[in-house]
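Summary of structural features
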Amino acid sequence: MDFTFTEEQQAAAEAARGVFAGVAPDAVPSPALVAGAVADDFDRALWATLAEADLLSLLLDARYGGAGLDAIALCQVLRESAKVLARVPLLESSAAAAAVQAYGDEELRSALLAPAGRGDRVLTVASSGRTGHDGAELAVTARRDGDAWILDGVQTAVPWAQVADHILVPAHTATDRSVLAVVPRVHEGVGLGEQFSTNGERLGELRLESARIAARDVIDADGAWEWLRELLTTGTCALALGLGERVLRMTSEYTGKREQFGFPVATFQAVAVQAADRYIDLRAMEATLWQAAWRVTSGAPGALPVAGDVAVAKIWASEGVRRIVQTAQHLHGGFGADVEYPLHRYHAWAKHLELSLGPAAAHEEALGDLLAAHPLS
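Summary of the structure given here. By convention here, each chain's residues receive numbers from 1 onward along its written sequence. Selection of residues for local features in this predicted model requires a pLDDT of at least 70, selection of side-chain atom pairs for listing and counting requires 80 or more, and totals for whole chains, interfaces and linings are taken over all residues. With hydrogens and water set aside, each side-chain value is computed from the structure's full complement of heavy atoms.

1. Description of the pairing of strand β5 (residues 178–184)
Selection criterion: Burial classes follow relative accessibility: with a 1.4 Å probe on protein chains only, a residue under 20% of its type's maximum area counts as buried, one over 50% as exposed, and anything between as partly exposed. Secondary structure elements follow DSSP: runs of H or I no shorter than four residues count as helices, runs of E no shorter than two count as strands, and numbering proceeds from the N terminus. In this scheme, strands are said to pair when DSSP sees at least two bridges between them.
For β5, the tally of buried residues reaches 6 of 7 residues, placing the bulk of the element in the interior. Remark: 5 residues form the turn of the hairpin made by strand β4 (residues 166–172) and β5, two consecutive strands paired antiparallel; aspartate 176 in that turn has positive phi of roughly 65°. Where β5 lies against strand β8 (residues 218–219), 2 bridges are found, and the strand directions are antiparallel. Bridge assignment links alanine 181 to a residue of β8, and that residue is valine 218.

2. Examining the packing of aromatic side chains
Our working definition: Stacked, edge-to-face and tilted labels apply to pairs of Phe, Tyr and Trp rings (six-membered ring for Trp) whose centres lie within 6.5 Å, assigned for plane angles under 30 degrees, over 60, and everything in between, in that order.
Using the criterion set out here, one finds 6 aromatic pairs in the structure. Judged by centre distance (5.4 Å) and plane angle (65°), the rings of phenylalanine 42 and tryptophan 47 are edge-to-face. Classification of phenylalanine 42 as buried rests on a relative accessible area of 4%. For tryptophan 47, a relative accessible area of 3% puts it in the buried group.

3. Re helix α7 (residues 269–298)
An α-helical turn contains 3.6 residues, so any two residues separated by three or four positions project in the same direction. Spelled out, the test is: Each residue after the first adds 1.5 Å to the expected span of a helix.
If you check α7, its first and last C-alpha atoms are 43 Å apart, about what 30 residues at 1.5 Å a residue would give, namely 44 Å. Backbone geometry just after α7 places glycine 299 at a positive phi near 65°.

4. Side note on the pairing of strand β2 (residues 140–145)
Sheet faces and side chains relate simply in a regular strand, where the side chains alternate between the two faces. The pairing of β2 with strand β3 (residues 148–159) spans 6 bridges and is classified as antiparallel. When the sheet's bridge partners are listed, valine 140 is paired in β3 with glycine 153. What sits between β2 and β3 in their antiparallel hairpin is a turn of 2 residues, with glycine 146 showing a positive phi close to 65°.

5. Describing the side chain of threonine 173
In plain terms, the rule: For this analysis, a polar contact is any N or O atom pair within 3.5 Å, provided that within protein one partner can donate a hydrogen and the other can accept it, and provided that sequence-adjacent residues contribute only side-chain to side-chain pairs. Note on contacts: a residue pair is in contact if any heavy atoms of the two residues lie within 4.5 Å.
Among the structural elements, threonine 173 can be located in the loop between β4 and β5. What makes threonine 173 buried here is its relative accessible area of 9%. In this structure the side chain of threonine 173 is engaged in a polar contact, spanning 3.0 Å, whose partner is the side chain of threonine 175. Other than its neighbours up to four places away in sequence, threonine 173 contacts Ala142, Trp149 and Val179.

6. Some thoughts on the pattern of salt bridges
Here is the rule we go by: Just to be clear on terms, a salt bridge is a Lys or Arg side-chain nitrogen sitting within 4 Å of an Asp or Glu carboxyl oxygen.
Applying the stated criterion to the full structure yields 26 salt bridges. The shortest N-O distance in the salt bridge between arginine 283 and glutamate 286 comes to 2.9 Å. You can see arginine 283 and its partner glutamate 286 sitting in helix α7, 3 residues apart, about one turn around the helix. Residue classification places arginine 283 among the partly exposed residues on the basis of a relative accessible area of 28%. Judged by relative accessible area, which is 18%, glutamate 286 ranks as buried. Salt bridges linked by common partners bring Arg17, Arg79, Glu80, Lys83, Glu245, Arg283 and Glu286 together as one network.

7. Notes on the nonpolar core
Soluble, globular proteins show a tendency: their nonpolar side chains are buried together. Rules: To define a nonpolar core, start from buried Ala, Val, Leu, Ile, Met, Phe, Trp, Tyr and Cys residues and group those joined through side-chain atoms within 4.5 Å.
Counting 87 residues, the largest nonpolar core has Phe20, Leu50, Leu168, Leu228 and Leu243 as the members making the most contacts within it. Residues contacting leucine 228, with those up to four places away along its chain left out, are Ala95, Ala96, Ala99, Val125, Leu168 and Leu180. The next biggest cluster of nonpolar side chains, apart from the first, holds 20 residues, and it includes Ala126, Ala139, Val169 and Leu208.

8. Notes on helix α9 (residues 343–357)
Taking 1.5 Å of rise per residue, the 15 residues of α9 would be expected to cover 21 Å, and the 21 Å separating its terminal C-alpha atoms lies within 8% of that figure. Turning to α9, its buried residues number three or more, namely Leu343, His344, Arg345, Tyr346, Ala348, Trp349, Ala350, Leu353, Glu354 and Leu357. Two residues or fewer after α9 comes glycine 358, characterised by a positive phi angle close to 90°.

This is the structure:
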């Protein structure tokens with residue numbers, strides 16, 4: 001197993017660190033003090049900076065103005081973005097564009113990809129389904145009607161839905177096939193209800209009532225939604241890793257300065273053991289993330305399908321990020337709940353990521369099903 005990054009992947013990470021170096025995690029009101037959304041829009045200034053640094057087009061081919069890199073490079077950038085709680089739809093827009101490039105026809109690629117890479121067009125994905133527990137493709141039905149598809153259904157908790165230009169919506173047909181529809185935010189038969197995440201960001205409940213989408217804007221290639229779902233999940237694991245790394249560093253700095261009985265609390269065995277356990281969580285999150293990202297990128301065969309590696313990464317990320325922020329709150333004492341200190345913001349974002357990934361028990365069950373279907377020799 002070799003997790004050495006290529007020069008291009010390392011360059012993407014370095015560029016991301018440069019861009020995010022000046023981003024403050026407390027640039028918007030605290031979600032603990034705001035009843036609704038912390039802001040109406042994402043950080044447009046940061047979005048423009050990311051576009052100038054060519055970090056919005058990482059996964060796009062050169063003919064669309066991109067760098068032609070892979071999911072590993074994207075996860076490197078997402079990892080850095082989470083350390084400062086960057087308020088941009090980087091994961092959703094990048095993953096959606098990558099899916100269009102991989103599975104869409106040339107007309108759709110020509111219309112969407114170059115503007116998305118420049119940051120002129122924002123994409124997002126409806127990946128939570130109707131309840132957040134069932135498959136997202138089951139929440140919407142799609143039926144062919146001449147030169148168009150008719151969509152009906154509801155998708156909940158769509159990130160950045162209120163400000164995105166297009167939403168990629170998975171749907172199922174009468175023959176139980178999955179398709180991906182590129183739905184304009186403003187379109188006949190398309191409605192958005194206001195929702196809010198635990199970190200205070202706006203979400204949208206997407207309602208489709210006989211929405212007529214041109215056939216050229218619907219991707220019906222086999223495996224398109226499954227590939228996009230795995231890329232989104234892997235990217236979310238990268239966000240959890242970056243957030244966890246920043247929180248553990250904050251905890252190390254605090255316990256190294258905070259004194260009791262004349263000694264830094266970091267020197268107490270009970271504190272050191274808890275911090276060491278969380279460091280182990282981080283290293284497990286990192287190893288399983290890169291394994292999943294490599295499988296998604298390369299499509300290399302393995303003992304289990306790619307979904308198996310993604311499930312393992314989800315288990316560690318979902319459980320790990322929760323344990324890390326809980327331990328950090330505990331070791332910070334009352335200071336961790338101070339709204340003037342950013343730790344509570346990281347806790348809120350961690351809860352959002354944990355909910356997005358879903359419970360570890362469900363992933364363990366899915367992994368068990370895969371092991372049963374693909375017994376290891």
